[in-house]
Amino acid sequence: MKITESKLYRDKCYINGEWIEADSRETISVNNPANLEEIGTVPKCETAETKRAIEAANEAWPEWRAKSARQRSDILRKWFNLMIDNKEELAQIMTIEQGKPINESRGEIGYGASFVEWFSEEAKRIYGDTIPDPLTDRRIIVLKQPVGVVASITPWNFPNAMITRKCAPALAVGCPVVIKPASQTPFSALALAVLAEKAGFPKGTLNVITGKASAIGDELASNPIVRKLSFTGSTEIGKILLQKCAGTVKKVSMELGGHAPFIVFDDANIDDAVTGAMQSKFRNTGQTCVCANRIYVQEKVHEEFCKKFVDAVSKMKVGDGLNEENSSGPMIDEHSLSKVEEHVEDAVALGAKVAIGGSKHSLGLNFYQPTILTEVTPQAKITTEETFGPVAPVYKFKDEKEVIDLANNSPYGLASYFYSRDIGRIWRVSEALEYGMVGVNTGLTSKAEAPFGGIKESGLGREGSKYGIDDFIEIKYVNMCGLDK
Ligand code: ADP
């Protein structure tokens, strides 16, 4: 499929129910990372267009919040159904602009849609509270109300699900949204807007603006109308946005970087651990914030694990994600590729051994070989910095205490994983890991029903699950007095 032939393809921004160009008429080029060809352009909007999008959302707010929960739920449900009906087309658009294997894209559309379904249901369950007042003529009532205009800034690694995970709860509770997708993957976001328009969201309720990240981001973070900013991206940009949001004391959700430990104890089922490591490390070509970054294997099973892990990696097929046979796509761009090269060269210079891979793929362009490094040293950059690529560093450890200390020795605290069949150990280690998410005997934990999020420098707030709605709600306390008169 040529992306421009898709009925879901739009090369304009969606603001106040209209498809618009940038005031300057300037555009940004979007490339297919598998062949570097331009697939289209999107408007290069800046501050003025962002202000208009925020104002449109604000104008849409009274009507949207006044709808009953059931009415909002019905529209969200229609959006969900349209996503499922158009799954294949959305998946094709995603692979063309993002590069991930088509089956992973299909999986992401289902995953992204599941947030819309989940929050269409949760919309009806925004329960308040009554609290006994110490005085007899009074009652304490707790109301839950939408926070107001929500801005969401999303990354390129999950071009669909990172949008729905933020916007579905916001819309469900009655907040309008302004979405700024990553410049590498705007067409998935604009396709979602096409379907939102069809689903019947009133104009201004859902807006998508593309363009200059710093100008749009500055306005979203500093405009007083925006009451909540939800960001997924690097810790570096997250910290900048947090500072900017301080100026107007906005509510914030931050889903930032991670450096996941993946621990294999000697009582683990090693075949399961290898399957989990493959899923956790190599999904999306290693470009997820929950990817295993440090694989710790206990001495007794180290050799067996490494042998089976190398064997599994040797079967991976690298290439254009549109080819159904390929299990690993390109990296998003040259910059990401050079970071991977740098991490591998640095680790090897400091003593690591390349068990498989270790260099650019013969396909050239943005392709890198799925790689396993063993005997990686603590000083290597890869031990502390997020690689965001298909490289698995493996470390050997002796006992539980040692590995917990190693695992927790990071400013990040997003995802962690471990494999064990010992129930006592499973409890101890789950409680000791300083991470927002712990996968026990699994390499995949993300789902609409569960609270996704990190601690430490990995972020603030939770997305998905019943907790994911709290970030878009204000609690209002009403004290009703004089009830005895
Ligand atoms: P990544 O390394 O995953 O691209 P970034 O944090 O750079 O992570 O980008 C995540 C999102 O933040 C993208 O939508 C990007 O365009 C946006 N972004 C980048 N720089 C800024 C900025 N200065 N202000 C606001 N948003 C930004």
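Summary of the structure given here. As the structure is a prediction and not an experimental result, all values here were calculated from the model.

Definitions and limits used
Residues numbered from 1 in each chain as written. Predicted model: local features only at pLDDT ≥ 70, side-chain atom pairs only at ≥ 80, totals over all residues. Heavy atoms only, no water. Near = heavy atom within 4 Å. Polar contact = N/O pair within 3.5 Å; in protein donor to acceptor, adjacent residues only side chain to side chain. Areas by Shrake-Rupley, 256 points an atom, 1.4 Å probe, with all protein chains shown as cover. Helix = DSSP H or I, 4+ residues; strand = E, 2+ residues; numbered from the N terminus. Nonpolar A, V, L, I, M, F, W, Y, C, P; charged D, E, K, R; others polar. Salt bridge = Lys/Arg side-chain N within 4 Å of Asp/Glu carboxyl O. Buried < 20%, exposed > 50% of the residue type's maximum accessible area, 1.4 Å probe, protein only. Contact = heavy atoms within 4.5 Å. Core = buried A, V, L, I, M, F, W, Y, C linked by side-chain atoms within 4.5 Å.

## A short note on the site of the ligand
Turning to step 1, where the next piece is worked out: Around the ligand lies a shell of 15 residues, among which T154, W156, K180, F231 and S234 are the nearest.
Turning to step 2, where the next piece is worked out: Between an oxygen atom of the ligand and a side-chain N or O atom of W156, the distance comes to 3.0 Å.
Turning to step 3, where the next piece is worked out: Within the contact set of the ligand, an oxygen atom lies 2.7 Å away from a side-chain nitrogen or oxygen of S234.
Turning to step 4, where the next piece is worked out: The fraction of the free accessible surface of the ligand (550 Å²) that becomes covered by protein chains is 77%.
Turning to step 5, where the next piece is worked out: Listed by contribution, the elements that provide at least two residues to the shell around the ligand are α7 (213–222), β10 (226–232) and α8 (235–246).
Turning to step 6, where the next piece is worked out: Examining the composition of the shell around the ligand, we find that 3 residues originate from one element, α7, more than from any other.
Turning to step 7, where the next piece is worked out: Considering only residue class, the shell around the ligand consists of 8 nonpolar, 6 polar and 1 charged.

## Brief notes about the pattern of salt bridges
Note that side chains of opposite charge can pair when their charged atoms are close.
Turning to step 1, where the next piece is worked out: Within the structure shown, the criterion is met by 31 salt bridges.
Turning to step 2, where the next piece is worked out: For D471, the salt bridge identified is with K228, shortest N-O distance 3.6 Å. Here D471 is found in the loop between β21 (459–460) and β22 (473–480), whereas its partner K228 is found in strand β10, with 243 residues between them in sequence.
Turning to step 3, where the next piece is worked out: Judged by relative accessible area, D471 falls into the buried class, the value being 14%.
Turning to step 4, where the next piece is worked out: For K308, the salt bridge goes to E304, with nearest N and O atoms at 2.9 Å. Separated by 4 residues within a single helix, K308 and E304 lie in helix α10 (residues 299–314), roughly one turn from each other.
Turning to step 5, where the next piece is worked out: K308 gets classed as partly exposed once you look at its relative accessible area, which sits at 31%.
Turning to step 6, where the next piece is worked out: Counted as one network, the salt bridges with shared partners bring together D267, E400, R425 and R428.

## Side note on α7
An α-helix turns once every 3.6 residues. As a result, residues three or four positions apart point the same way.
Turning to step 1, where the next piece is worked out: For α7, every residue scored as buried is listed here: A215, I216, G217, E219, L220 and A221.
Turning to step 2, where the next piece is worked out: On the buried face of α7, the contacting elements are α1 (47–66), β7 (149–153), β8 (177–180), β10 and α8.

## Considerations on the nonpolar core
The nonpolar side chains of a soluble globular protein tend to be buried, and buried together.
Turning to step 1, where the next piece is worked out: In terms of nonpolar packing, the biggest core is built from 60 residues, with W79, L171, V177, F187, F201, L206 and V208 touching the most fellow members.
Turning to step 2, where the next piece is worked out: With 10 residues, helix α6 (residues 186–199) is the largest single contributor of residues to this core.
Turning to step 3, where the next piece is worked out: When neighbours within four sequence positions are excluded, W79 is seen to be in contact with V116, L171, L192, L195, A196, A199, F201 and L206.
Turning to step 4, where the next piece is worked out: Within the second largest apolar cluster, 31 residues are counted, among which are F262, V290, F305 and L414.

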